[in-house]
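Take a look at the letters that make up each chain.
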Amino acid sequence: MRAHAAALGLDVEVVTRPAARSLAEAAELLGIEPGDIVKSLVVRRSDGEYLFALVPGGRKIDWAKLRGAVGINRLSLPDADQAKAATGYERGTITPLGSTTAWPVYADERIRGRRVALGGGAHGLSTFVDGDALLAALDATVSDITAEE
């Protein structure tokens, strides 16, 4: 993960953190707002390929919006084994940084203009990065792809 971030020219800060039971607890442990935590979700396309959906804390994928952004009618969440096979990461640790395959990235527009924390590639790690730099480095398609939880 760190090597990929460096290759992309991203300045990341990886921090160790204890396990949290909720989004609010995780944000408190990291000293940030819940919306600054970004979930990296692996989504299966109808053709068997995958993509990453970057979703701010307190929000969830709006499937109609994401399908519109991707331009296909069928998307789904893979099971834990399929997600690991697609990325090399276990659920709860997934990040597009260092994924075994550089799947396309679709990101919610609310990530812009924020310093965000996302999975660090292993349990107990979070990666802080400038949201705008992350989106640019990953050549993310950025739009409104989420709804409030």
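Refer to the structure presented above.
Description of the structure in this document. What you see is a predicted model; the values in this text were computed from it and never measured. (Residues numbered from 1 in each chain as written. Predicted model: local features only at pLDDT ≥ 70, side-chain atom pairs only at ≥ 80, totals over all residues. Heavy atoms only, no water.)

**Here we look at the environment of Leu138**
How we decide: Strands are runs of DSSP state E lasting at least 2 residues, helices are runs of H or I lasting at least 4, and numbering of each runs from the N terminus. Any two residues whose heavy atoms approach within 4.5 Å at even a single point are treated as in contact.
Considering the arrangement of structural elements, one finds Leu138 in the loop between helix 5 (131-137) and strand 9 (141-143). As a C-alpha pair, Leu138 and Val70 span 68 residues in sequence and 16 Å in three-dimensional space. Setting aside residues up to four positions removed in sequence, Leu138 forms contacts with Leu8, Pro96, Leu97 and Val105.

**A few points about helix 4 (residues 80-87)**
This is how the line gets drawn: Working definition: with a 1.4 Å probe on protein chains only, accessible area under 20% of the residue-type maximum means buried, over 50% means exposed, and in between means partly exposed. Our arc is simply the arc of the directions from the helix axis toward the C-beta atoms.
The set of residues buried in helix 4 consists of Ala83, Ala86 and Thr87. The arc enclosing the buried residues of helix 4, seen along the axis, measures out at 80 degrees, which places them on a common side. The exposed residues of helix 4 that point more than 90 degrees off its buried face are Asp81 and Ala85. If you follow the buried residues of helix 4, they end up packed against strand 2 (38-45) and strand 3 (50-56).

**Some remarks on the nonpolar core**
Note the threshold: What is meant by a nonpolar core is a set of buried Ala, Val, Leu, Ile, Met, Phe, Trp, Tyr and Cys residues, joined one to another through side-chain atoms within 4.5 Å.
Of all hydrophobic cores here, the largest spans 24 residues; its most connected members are Val42, Leu54, Leu97, Ile111 and Leu134. Of all the elements in the fold, those that place two or more residues in this core are strand 2, strand 3, helix 4, strand 6 (105-108), strand 7 (115-119) and helix 5. With sequence-adjacent residues up to four places away left out, Leu54 is seen in contact with Val38, Lys39, Ser40, Pro96, Val105, Tyr106, Ala107, Asp108, Ile111, Leu134, Leu135 and Ile145. Membership of the second largest hydrophobic core comes to 11 residues, among which are Val43, Ala53, Val55 and Ile72.

**A few points about the side chain of Ser40**
Tracing the sequence through the fold places Ser40 in strand 2. Overall, Ser40 belongs to the buried group, its relative accessible area being 8%. With near-sequence residues (within four places) excluded, Ser40 lies in contact with Ala53, Leu54, Ile94, Thr95, Pro96 and Leu118.

**Section: the pairing of strand 3**
Heads up, the condition is: At least two DSSP bridges between two strands are needed for those strands to be called paired.
Of all seven residues in strand 3, seven are buried; the element is thus mostly enclosed. Across seven bridges, strand 2 lies against strand 3 in antiparallel orientation. Pairing of Val42 across the sheet is with Phe52, part of strand 3. The hairpin turn running from strand 2 into strand 3, its antiparallel successor, is four residues long, and Gly48 in that turn takes a positive phi close to 85 degrees. In the sheet, strand 3 pairs with strand 6 via three bridges, with the strands oriented parallel. Residue Ala53 lies in a different strand from strand 6, and its bridge partner there is Tyr106.

**Notes on the side chain of Arg59**
Assignment of secondary structure puts Arg59 in strand 4 (residues 59-61). Beyond its immediate sequence surroundings of up to four residues, Arg59 is in contact with Lys39, Asp108, Arg110, Thr146, Ala147, Glu148 and Glu149.

**Description of the pattern of salt bridges**
Selection rule: Within this document, salt bridges are pairs made up of a side-chain nitrogen of Lys or Arg and a carboxyl oxygen of Asp or Glu, the two lying within 4 Å of each other.
Per the counting criterion, the structure on display carries nine salt bridges. The shortest N-O distance in the salt bridge between Arg45 and Asp47 comes to 3.5 Å. As a salt-bridge pair, Asp108 and Arg110 come within 2.9 Å of each other at their nearest N and O atoms. According to the relative accessible area criterion, Arg110 is partly exposed, its value standing at 28%. Several salt bridges share partner residues, and in doing so they unite Lys65, Asp108, Arg110 and Asp144 into one network.

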